[in-house]
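For reference, the chains in residue letters:
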Amino acid sequence: MKTELLIATGVFIGVYIMLIWDRFNRAVVALLGASIMIFLGIINQEQAIEGVDFNTIGLLVGMMVIVAVCRETGIFQYVAIKAAKLVKGDPWGIMFMLAWVTAVFSAFLDNVTTVLLIVPLTLLITEEMEISPYPFLVVEIISSNIGGTATLIGDPPNIMIGSAVGLTFMDFVRNLIIPVLLVMVVTLFIIYVFHGRKMKVDESVRERIMSFDEREALKDSNLLKKSLFVLAIVILGFVLQHRLHLEAATIALSGAALLLLITDNDIHETFAHVEWTTIFFFTGLFVVVKGIEEAGLIDRMARWLMEWTGGDLFTTAVSILWGSAILSAFVDNIPFVATMIPLLKKMGVELGGTDAIMPLWWALSLGACLGGNGTLIGASANVVAAGIAEREGYRVGFKEFLMVAFPLMIISIIISTFYVYVWYF
Amino acid sequence: MKASDIMTRDVTTVRPGTSLREACEILCRAGVRQVPVVDDSGKILGVLTARHILSLILPRYISEGQLKDVAFAPDLPLMYQRFENLAKKDVVEVMEESVVIRDTISVLEVATIFAHERRHVEAILVADGDGRLVGIIAPHDVVRMLKRGG
């Protein structure tokens, strides 16, 4: 082994260990790893910057700005309350509706923002109903990760894959909507059989839910109109992305600029809502991965994976699907996907080119996104949701969550395996 | 001009051992927003404010601003239960840290504390050199002094 390869591998493993150890902020760890790659001469600064996928960064920042403005409108609370009232305050009905609201919003917003919006409202609804919030929280966490899988902008792994492979918003919808809907329906059916059908509340409690006035949630109709207008343009831009020949970051950042122009929101406050930790985490990781790529580790890993799967596309797809799901349940899926992207690109050359390996990208997306449901630490949204609940005195235990969520995650991956087999082979 | 020149000297206080319910009665009867908690020697231990009581009985996701506006929701039964549970506690368990200054501090500093953008201080307790309560200052005490022309 060359010295460079040894050093780069050491730094890469070090970064991974630090991320799992979770003692230091993940952005700091990634940036430090990136700096070490440069200091030790694995790559120079120019190569490091080359390694950063600014399309991913731009798309993330653009959507975070748009979401920061839109969340102030109260539209989310409006939709969620309206949904709860549609089922006349029936607890299982509310759980069912909130699950779908979470999934749909997660497909368009990032999952963390979605749970930040839905969890407090859910706690209020369950406290009003005087019933346990736990099953609601678990269902919402799971729905958020499932819903986020459906689109280019729903979950960071998809943003990275889409950007690296040049896949559009509609490519994701066309390829992932079927497995996502299937997983969602099966998951909710299982939850209904085991829990939902036993949920009952008094008539007076239902009446209290019916006395919610969702119109009061819409605070600023002017801001709402402008936000919905820009959001519609941005989504239309994503849908027509292929024909417009525009990268996703251009669409998101243009939308963000337009929204900031027509609304008079305090720009400092809006920018403060951008999750800079995530942005710097991505930036650092891209550089670390560039380091191992230049040092030749990605090449070797691709060769190992090829040897292991015998170069068979279906075996490779299933290995990626299951491997990424299990790994993503325990470690952050972002570094994993960042590593897998150059690896799969490398394998693509030997497996018949970009078009031939498309099923591998969908397998990676399904595995990495749905895998986040496996444990309480599997995705940022899970940790954030549990955090809000814990501050209100409802502790979501790691083991309790695992007992419910892990089997459901495995079922979702079985469904995805069938889908990949039937659809692509 | 010093803090001691503009403070109110007659302060309603409570002692440790007072229940929150009793303290609330004192708060309501005196018509004040806060009541200092002092020990037998008059040393300041903390302060009990009506706002702090409200923040304790509200769900955290509301008081911490994750759900900023709840105009759409009906009354929450939990609020009453939480108050009942809290009412039995000793004020010492419920009080918060107070803003305390020496009686010799300038009115400029007093005005600066009140004008702070994010702190929302409702009243400043004034102590002597031994940390004993000697008075209280509300924002309107400063305004009254300004109106008089110093």
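1. A short note on the overall build of chain A
Next up, step 1: Summing up its helical and strand segments, chain A has 22 helices and 0 strands in all.
Next up, step 2: Split into buried and exposed, the 425 residues of chain A put 51% on the buried side.

2. Brief notes about the interface of chain B and chain A
Next up, step 1: The interface of chain B with chain A comprises 14 residues on the first partner and 22 residues on the second.
Next up, step 2: Its residues placed into classes, the side of chain B that touches chain A shows 11 nonpolar, 1 polar and 2 charged.

3. Comments concerning the nonpolar core
Next up, step 1: Core analysis: the largest hydrophobic core is formed by 144 residues, its most contacted members being A:Ile66, A:Val288, A:Val337 and A:Leu364.
Next up, step 2: The dominant element in this core, judged by the number of residues it contributes, is helix α4 (residues 54–70) of chain A, at 12 residues.
Next up, step 3: Apart from the residues within four sequence positions on either side, A:Val337 is in contact with A:Pro157, A:Met160, A:Ile161, A:Leu364 and A:Ala368.
Next up, step 4: Among the nonpolar cores identified, the runner-up in size contains 26 residues, and B:Ile6, B:Met7, B:Val35 and B:Val91 belong to it.

4. A short note on the packing of helix α5 (residues 75–86) of chain A against helix α6 (residues 91–108) of chain A
Residues and elements named next belong to chain A.
Next up, step 1: The N-to-C vectors of α5 and α6 enclose an angle of 150°; their axes lie 8 Å apart at closest approach. Between α5 and α6, the crossing angle belongs to the class labelled roughly antiparallel. Remark: the crossing between α5 and α6 carries right-handed chirality. On α6, the residues that touch Phe76, Val79, Ala80, Ala83, Ala84 and Leu86 of α5 are Ile94, Met97, Leu98, Val101 and Phe105.
Next up, step 2: Its residues assigned to classes, the contact of α5 with α6 shows 11 nonpolar, no polar and no charged.

5. Side note on the packing of helix α7 (residues 111–129) of chain A against helix α21 (residues 380–391) of chain A
All names here are of chain A.
Next up, step 1: With their axes 9 Å apart at the nearest point, α7 and α21 run at an angle of 25° to one another. Comparing the axis directions of α7 and α21 gives the class roughly parallel. In this structure, α7 crosses over α21, and the sense of that crossing is right-handed. Contacts between α7 and α21 pair Asn111, Val112, Val115, Leu116, Val119, Pro120 and Leu123 from the former with Ser380, Ala381, Val384, Ala385, Ile388 and Ala389 from the latter.
Next up, step 2: For the contact of α7 with α21, a count of residues per class yields 11 nonpolar, 2 polar and no charged.

6. What to know about the sheet that holds strand β3 (residues 100–102) of chain B
All names here are of chain B.
Next up, step 1: Taken in spatial order, the 3 strands line up as β3-β4-β5 in an open sheet, and their pairing is mixed. The outermost strands of the open sheet, each flanked by one partner alone, are β3 and β5 (133–137). Between one strand and the next, the sheet's axes are offset by a mean angle of 35°, whatever the strand orientation.
Next up, step 2: The sheet contact formed by β3 and strand β4 (residues 124–127) spans 3 bridges and is parallel. Its bridge partner lying in β4, arginine 102 is registered against alanine 127.

7. Comments concerning the pairing of β5(B)
Next up, step 1: Two strands pair when backbone bridges link them, and β4(B) and β5(B) are joined in this way by 4 bridges, in the antiparallel orientation. Note that in β5(B) the partner of B:Val126 across the bridge is B:Gly135.

8. Digging into the confidence of the model for chain B
Next up, step 1: Model confidence for chain B is summarised by a mean pLDDT of 93, while 99% of its residues fall at 70 or above.
Next up, step 2: Both scores are given for the predicted complex: the pTM is 0.89, the ipTM 0.83.

9. Details of the environment of A:Ile411
Next up, step 1: Position of A:Ile411 among the secondary structure elements: in helix α22 (residues 398–424).
Next up, step 2: Note: C-alpha distance between A:Ile411 and A:Met301 (110 residues apart in sequence) is 29 Å.

10. Looking at unusual backbone geometry
Residue and element names in this part refer to chain A.
Next up, step 1: Despite not being glycine, aspartate 22 shows a phi value in the positive range, around 60°.
Next up, step 2: Along the chain, the position of aspartate 22 falls in the loop between α1 (3–21) and α2 (26–39).
Next up, step 3: Here lysine 88, not a glycine, exhibits a phi torsion of approximately 60°, which is positive.
Next up, step 4: Within the fold, lysine 88 resides in the loop between α5 and α6.
Next up, step 5: On the neighbour-count criterion, lysine 88 (12 C-beta atoms within 10 Å) is exposed.

Definitions and cut-offs
Residues numbered from 1 in each chain as written. Chains lettered and ligands numbered in written order. Predicted model: local features only at pLDDT ≥ 70, side-chain atom pairs only at ≥ 80, totals over all residues. Helix = DSSP H or I, 4+ residues; strand = E, 2+ residues; numbered from the N terminus. Buried ≥ 20, exposed ≤ 12 C-beta atoms within 10 Å, placed from the backbone. Contact = placed C-beta atoms within 7 Å. Nonpolar A, V, L, I, M, F, W, Y, C, P; charged D, E, K, R; others polar. Core = buried A, V, L, I, M, F, W, Y, C linked by C-beta atoms within 7 Å. Axes fitted to C-alpha atoms, helices over the stretch in contact; angles between N-to-C directions. Parallel < 35°, antiparallel > 145°, perpendicular 65-115°, else oblique. Left-handed = near helix turned anticlockwise from the far one by under 90°. Pairing = 2+ DSSP bridges. pLDDT = per-residue confidence, 0-100.

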